[in-house]
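Now for the letters of each chain:
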Amino acid sequence: MKRKTAFSWMMYDFGNSAFATTIMAAVLPVFYYDVAAVGLDESLAESYWGYSQSIAVLIVAILAPILGAISDFSAAKKKFLRFFAYMGMIASILLAFVSEGDYLFASILLIVGNIGFSGANVFYDAFLPELAKDEDEMDRMSSSGFAFGYIGGGILLAINILMITQYNWFGIPDVTTASQLSFASVGLWWFIFSIPLFRNVQEEEKTVKTRKKSYAAIGFSRVIHTFKEIRQFKYLLIFLIAFWLYNDGISTIIRMATIYGRGIGIDSNSLIIALLITQFVGIPFTFFFGWLATRITAKRALYVTLYIYIGVVILGYFMASALHFYLLAICVGMVQGGAQSLSRSIYGRMVPAGKKAEFFGFYGISSKFAAVFGPFLFGLVGQLTGSSRLGIVSLLVFFIAGIILLRFVNIDKGIQQAKQYAG
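Under the annotation held in an unreviewed UniProt entry, the protein carries the name MFS transporter and is attributed to Lentibacillus salinarum. Check the Subcellular location (unreviewed entry) section of the UniProt entry for the protein; it says "Cell membrane".

Here is the structure:
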């Protein structure tokens with residue numbers, strides 16, 4: 001494979017990761033609370049943000065198997081990638097026009113942007129097996145793509161933080177305008193670094209598969225079929241359910257942490273800077289937990305990450321200052337990548353050799369469905385009680401239940417079941 005093609009593919013990750021950092025995690029949650037939802041009760045602002053996240057994740061989860069079927073049965077991956085990418089870019093730019101009280105408009109754009117971001121990623125990921133010569137090259141390209149994403153998302157977030165905290169340096173009149181410009185910058189950044197992929201990555205020529213069903217019917221019948229197959233593997237299934245639970249807690253912390261911090265009075269600049277810290281702390285600690293797994297086993301290393309997350313939730317309830325939020329951001333950065341990479345590794349060990357693509361596809365799609373409940377529960381508890389602190393505590397349910405189920409997972413027996421499979 002040509003270096004130019006691989007580089008072009010990875011640069012897309014460099015560009016689109018800005019949506020995850022600036023819009024999903026750092027700047028938009030604060031802007032939503034301070035500007036878009038101004039005038040609403042504090043707990044309502046956080047609840048509406050949680051509901052918006054749940055709706056976005058649910059729509060993405062429903063679309064994922066359909067888009068997967070389109071990817072397999074059509075020869076138009078690039079067209080669909082471009083369509084969803086443009087959807088995300090335009091939604092990002094339109095966020096620059098959200099002003100005081102426009103929380104409904106902001107929520108709609110957040111949902112549309114999420115659909116564009118996630119939908120495009122389905123087709124972006126589908127290019128990887130076509131571009132890589134073998135599994136080793138696929139692993140290297142995949143890891144490099146993630147690294148490019150961390151760097152690209154981190155660089156633009158750092159620039160946007162500078163724009164917001166030192167807006168006068170750029171001739172910007174106020175923080176609100178700086179935040180709006182940062183949203184527009186995400187759309188432009190994403191577009192610019194997508195150009196190499198659009199120009200240089202060519203779709204593999206293939207005969208379009210004939211189909212007798214709709215893409216939706218094909219997509220969901222695949223999900224149901226895979227779930228029936230997974231049920232044959234007891235320990236893999238138990239692990240998968242445990243993963244759905246604790247990963248829902250993790251994804252909710254990622255999506256809700258910033259607006260929660262704003263709701264309890266942490267200043268906006270501190271919140272955004274803390275998210276940048278999380279971004280860069282995560283890189284070395286992901287490798288650290290990979291090393292730790294070789295010393296104490298992957299399952300025990302995973303337990304360490306989940307116990308730290310429980311500590312994060314408990315400390316989050318008592319959080320009262322920017323220093324507390326910085327400490328929590330560092331803790332989340334330490335375990336976020338480790339928990340996700342260890343989970344994928346454990347799951348992969350118990351997957352039968354001939355079923356890896358199918359089972360990992362289900363792993364990704366099913367986790368999207370599971371991720372709907374955390375933000376919804378956070379928002380509902382906060383709305384019913386009038387306290388976002390109780391909303392954050394509700395996440396303990398996901399981590400504790402996940403840890404309890406993990407105790408029933410015998411990885412060695414799971415690996416044995418996978419090896420004995422004769423499918």
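Chemist: Is there a simple way to explain the overall build of the protein in this structure?
Modeler: Of the regular secondary structure elements, the protein holds 17 helices and zero strands. Principal-axis analysis of the C-alpha atoms gives the protein an extent of 65 × 50 × 40 Å. Every one of the 423 residues in the protein was classed for burial, and the buried ones make up 54%. A separation threshold of at least 6 residues defines the contact pool for the protein, and within that pool the share at least 24 residues apart is 83%. When the accessible surface of the protein is totalled, it reaches about 18,600 Å², and 65% of it is carbon and sulfur. Averaging the coordinates of the 33 positive side-chain charges in the protein and doing the same for the 24 negative ones gives two points 10 Å apart.

Chemist: Looking at this structure, I do not really get a nonpolar patch on the surface. What am I missing?
Modeler: Together, Ile90, Ile93, Leu94, Phe97, Phe105, Leu188, Phe191 and Ile192 line one region of the surface with nonpolar side chains, adding up to about 730 Å² of accessible area. Listing elements by their share of the nonpolar patch, those giving two or more residues are α3 (77-94) and α6 (175-192). When you line up the elements, Leu94 lands in helix α3. Under the relative-accessibility criterion, Leu94 is labelled partly exposed at 35%.

Chemist: Even after reading the chapter, I still don't get unusual backbone geometry, so can you show me in this structure?
Modeler: Residues apart from glycine generally show negative phi values, whereas peptide bonds are mostly found in trans. Phi at Thr297 takes a positive value of approximately 85 degrees, unusual for a residue other than glycine. For Thr297, a relative accessible area of 40% puts it in the partly exposed group.

Chemist: Where do I start with the packing of aromatic side chains in this structure?
Modeler: We describe a pair of aromatic rings using the distance from one ring centre to the other and the angle between the two ring planes. Across all of its chains, the model carries 30 aromatic pairs by this definition. Where Phe19 meets Phe117, the ring centres are 5.3 Å apart and the plane angle is 25 degrees; that geometry is what we call stacked. One end of the pair, Phe19, is in helix α1 (residues 3-36); the other, Phe117, is in helix α4 (residues 103-131), with 98 residues separating them in the sequence. Phe117 matches Phe19 in its accessibility class, with the two residues each being buried. With 4.9 Å between their ring centres and 90 degrees between their planes, Tyr317 and Phe318 make a pair best called edge-to-face. For Tyr317, a relative accessible area of 31% translates into the label partly exposed.

Chemist: I tried to follow the pattern of salt bridges on my own but got confused; where do I start?
Modeler: Proximity of charged atoms lets side chains of opposite charge pair with each other. The full count for this structure, using the stated rule, is one salt bridge. A salt bridge links Asp34 to Arg262, with the nearest nitrogen and oxygen atoms 2.9 Å apart. Highlighted residues: Asp34 in helix α1 and Arg262 in helix α9 (residues 234-263), separated in sequence by 228 residues. Residue classification places Asp34 among the partly exposed residues on the basis of a relative accessible area of 29%.

Chemist: Please clarify how the confidence of the model for the protein should be interpreted in this entry.
Modeler: Reading predicted coordinates in detail is not appropriate for stretches of low pLDDT. When the pLDDT values of the protein are averaged, the result is 88; 96% of them are 70 or greater. Across the protein, α6 holds the top mean pLDDT of 97, while helix α13 (residues 356-370) sits lowest at 76.

Chemist: Looking at this model, I keep getting lost on the nonpolar core. Mind explaining?
Modeler: Side chains of nonpolar character tend, in soluble globular proteins, to be buried together. Counting residues in hydrophobic clusters, the biggest one holds 128 residues, and the most contacted among them are Trp9, Phe239 and Tyr347. Among the elements that take part in this core, α1 stands out by supplying 20 residues, more than any other. When sequence neighbours within four positions are dropped, the list of residues in contact with Tyr347 reads Ile230, Leu236, Phe239, Leu240, Phe359, Phe360 and Tyr363.

Chemist: Explain the packing of helix α11 (residues 298-318) against helix α16 (residues 396-406) here, please?
Modeler: Helix-helix packing is described using two parameters, namely the angle between the two axes and the distance between the axes. For the pair α11 and α16, interaxial distance at closest approach is 10 Å and the crossing angle is 160 degrees. Judged on the interaxial angle alone, α16 and α11 are roughly antiparallel. When the axes of α11 and α16 are compared, the crossing they make is left-handed. For the pair formed by α11 and α16, the contact residues are Lys299, Leu302, Tyr303, Leu306, Tyr307, Tyr309, Ile310, Val313 and Ile314 on the first element and Leu396, Phe399, Ile400, Ile403 and Leu406 on the second. Looking at side-chain class alone, the contact of α11 with α16 contains 13 nonpolar, no polar and one charged residues.

Chemist: Where do I start with the environment of Leu58 in this structure?
Modeler: Note that Leu58 resides in helix α2 (residues 42-73). Residue classification places Leu58 among the partly exposed positions, given a relative accessible area of 36%. Linking Leu58 and Arg231, residues 173 residues apart in sequence, is a C-alpha distance of 24 Å. Apart from residues no more than four positions distant in its own chain, Leu58 is found in contact with Phe369 and Val372.

Chemist: It is not clear to me how helix α14 (residues 373-385) should be interpreted in this structure. Could you clarify?
Modeler: It helps to recall that an α-helix has 3.6 residues per turn; residues three or four apart then point in one direction. For α14, spanning 13 residues, the distance from its first C-alpha to its last is 18 Å, which sits close to the expected 18 Å at 1.5 Å a residue. Within α14, burial applies to Gly374, Pro375, Phe378, Gly379, Val381 and Gly382. When α14 is viewed along its axis, its buried side chains cluster within an angular range of 165 degrees and face the same direction. Within α14, the exposed residues directed more than 90 degrees away from the buried face are Phe373 and Leu384. Considering only its buried residues, α14 is in contact with α2, α9, α15 (388-393) and α16. Looking one or two residues beyond α14, the residue adopting positive phi is Gly386, at roughly 75 degrees.

Chemist: Sorry, what's going on with the environment of Thr278 here?
Modeler: Residue placement: Thr278 occurs in helix α10 (residues 268-296). Exposure remark for Thr278: the relative accessible area of 11% places this residue in the buried category. Along the chain, Thr278 and Asp267 lie eleven residues apart, while their C-alpha atoms are 17 Å from each other. For Thr278, the residues in contact, after removing those within four places along its chain, are Ala329, Val332, Gly333 and Gln336. Separated by 3.0 Å, the side chain of Thr278 and the backbone oxygen of Ala329 make a polar contact.

About the criteria used
- Residues numbered from 1 in each chain as written.
- Predicted model: local features only at pLDDT ≥ 70, side-chain atom pairs only at ≥ 80, totals over all residues.
- Heavy atoms only, no water.
- UniProt positions renumbered as here; feature names shortened; annotations may be inferred.
- Helix = DSSP H or I, 4+ residues; strand = E, 2+ residues; numbered from the N terminus.
- Buried < 20%, exposed > 50% of the residue type's maximum accessible area, 1.4 Å probe, protein only.
- Contact = heavy atoms within 4.5 Å.
- Areas by Shrake-Rupley, 256 points an atom, 1.4 Å probe, with all protein chains shown as cover.
- Lys, Arg positive; Asp, Glu negative; His and termini not counted.
- Charge placed at Lys NZ, Arg CZ, Asp CG, Glu CD.
- Patch = residues over 30% accessible without salt bridge, like charges linked within 9 Å, V, L, I, M, F, W, Y side chains within 5 Å.
- Salt bridge = Lys/Arg side-chain N within 4 Å of Asp/Glu carboxyl O.
- Phe/Tyr/Trp six-rings, centres within 6.5 Å; stacked < 30°, edge-to-face > 60°.
- pLDDT = per-residue confidence, 0-100.
- Core = buried A, V, L, I, M, F, W, Y, C linked by side-chain atoms within 4.5 Å.
- Axes fitted to C-alpha atoms, helices over the stretch in contact; angles between N-to-C directions.
- Parallel < 35°, antiparallel > 145°, perpendicular 65-115°, else oblique.
- Left-handed = near helix turned anticlockwise from the far one by under 90°.
- Nonpolar A, V, L, I, M, F, W, Y, C, P; charged D, E, K, R; others polar.
- Expected span 1.5 Å × (residues − 1).
- Arc of directions from axis to C-beta.
- Polar contact = N/O pair within 3.5 Å; in protein donor to acceptor, adjacent residues only side chain to side chain.

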